[in-house]
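# Chain and residue survey
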Amino acid sequence: MSLHDDAVLVLKSYEDQEELRQLYLDHLTAHPDGMWKSCETGHVTASALVIDPVRDRVLLTLHKKLGMWLQMGGHCEPGDATLADAALREATEESGIGGLTLLPGGPVRLDRHAIPAPCHWHLDVQYAALAPAGAVAEISDESLDLRWFAYDEVAGVADESVVRLLDRTRSALSAL
């Protein structure tokens, strides 16, 4: 199964954000290359909010190009077999934390955001990654900074999309 096929299956089984979910599916139908950065009309990306529920905190990265506190994530790569693999790879690479595990149940949220030309849109499929006990983060080349924030600090440093992702992640955690 291709990464494109996996993305379609993941999105078909995602049961929320119906209008946005359909926009992603329509994009993938119209663009066989819609998983890749080379698709200039937009492309699917994968991200993961690294969370430490024992300490009520999340790890955010100060994005090098955007200068914003965000969850870990980015472009899919040819070696990614699934969207979940891409999200976990990105979270591990950008956090430096080994042993991350994705929260069961698939993506917790979708977020479509404009990006600078030549591409126009990121169609982000957002997961949550649980940090193992005693996790120590290490900054990557893609970040200006990497820092743990208490849940109640996130709204003061990050944009609304990260706050919504945290809210959805906490809801998913409480449902386990």
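Anything mentioned here points back to the structure above.
Parameters and conventions
Residues numbered from 1 in each chain as written. Predicted model: local features only at pLDDT ≥ 70, side-chain atom pairs only at ≥ 80, totals over all residues. Heavy atoms only, no water. Helix = DSSP H or I, 4+ residues; strand = E, 2+ residues; numbered from the N terminus. Expected span 1.5 Å × (residues − 1). Buried < 20%, exposed > 50% of the residue type's maximum accessible area, 1.4 Å probe, protein only. Contact = heavy atoms within 4.5 Å. Core = buried A, V, L, I, M, F, W, Y, C linked by side-chain atoms within 4.5 Å. Salt bridge = Lys/Arg side-chain N within 4 Å of Asp/Glu carboxyl O.

What follows deals with helix H5 (residues 160-174). Over its 15 residues, H5 extends 21 Å from the first C-alpha to the last, a length consistent with the 21 Å expected when each residue adds 1.5 Å. Those residues of H5 lying buried are Ser-161, Val-162, Val-163, Leu-165, Leu-166 and Thr-169. Packed against the buried residues of H5 are strand E1 (43-52), strand E2 (57-63), strand E3 (69-70), strand E6 (109-114), strand E7 (121-130) and helix H4 (154-157).

Let's shift gears to the nonpolar core. Ranked by size, the top nonpolar core spans 32 residues in total, and within it Met-35, Val-50, Leu-83 and Val-125 carry the most contacts. Listing elements by their share of this core, those giving two or more residues are helix H1 (3-13), helix H2 (18-30), E1, helix H3 (83-95), E7 and strand E8 (143-150). The element best represented in this core is H1, accounting for five residues. Look past the residues within four positions of Leu-83 in its chain and what remains in contact with it is Leu-3, Asp-6, Ala-7, Val-10, Met-35, Val-44, Ala-46, Cys-76, Val-125 and Tyr-127. Ranked by size, the runner-up nonpolar core spans 18 residues in total, among them Ile-51, Trp-69, Leu-103 and Tyr-151.

Moving on, we come to the pattern of salt bridges. In this structure the tally under the stated criterion is 10 salt bridges. We note a salt bridge from Asp-16 to Arg-168, for which the minimum N-O separation is 2.5 Å. Here Arg-168 lies in helix H5 and Asp-16 lies in the loop between H1 and H2, a separation of 152 residues in the sequence. Of the residues examined, Asp-16 reaches a relative accessible area of 35% and is grouped as partly exposed. Across the salt bridge formed by Glu-77 and Arg-89, the nearest N and O atoms sit 3.3 Å from each other. With Glu-77 in the loop between strand E4 (72-75) and H3 and Arg-89 in helix H3, this pair connects stretches of sequence that are 12 residues apart. Judged by its relative accessible area of 36%, Glu-77 is partly exposed. Its relative accessible area of 16% is what places Arg-89 among the buried residues. Ionic contacts of the salt-bridge type, sharing partners, join the residues Glu-77, Asp-80, Arg-89, Glu-90 and Glu-93 into one network.

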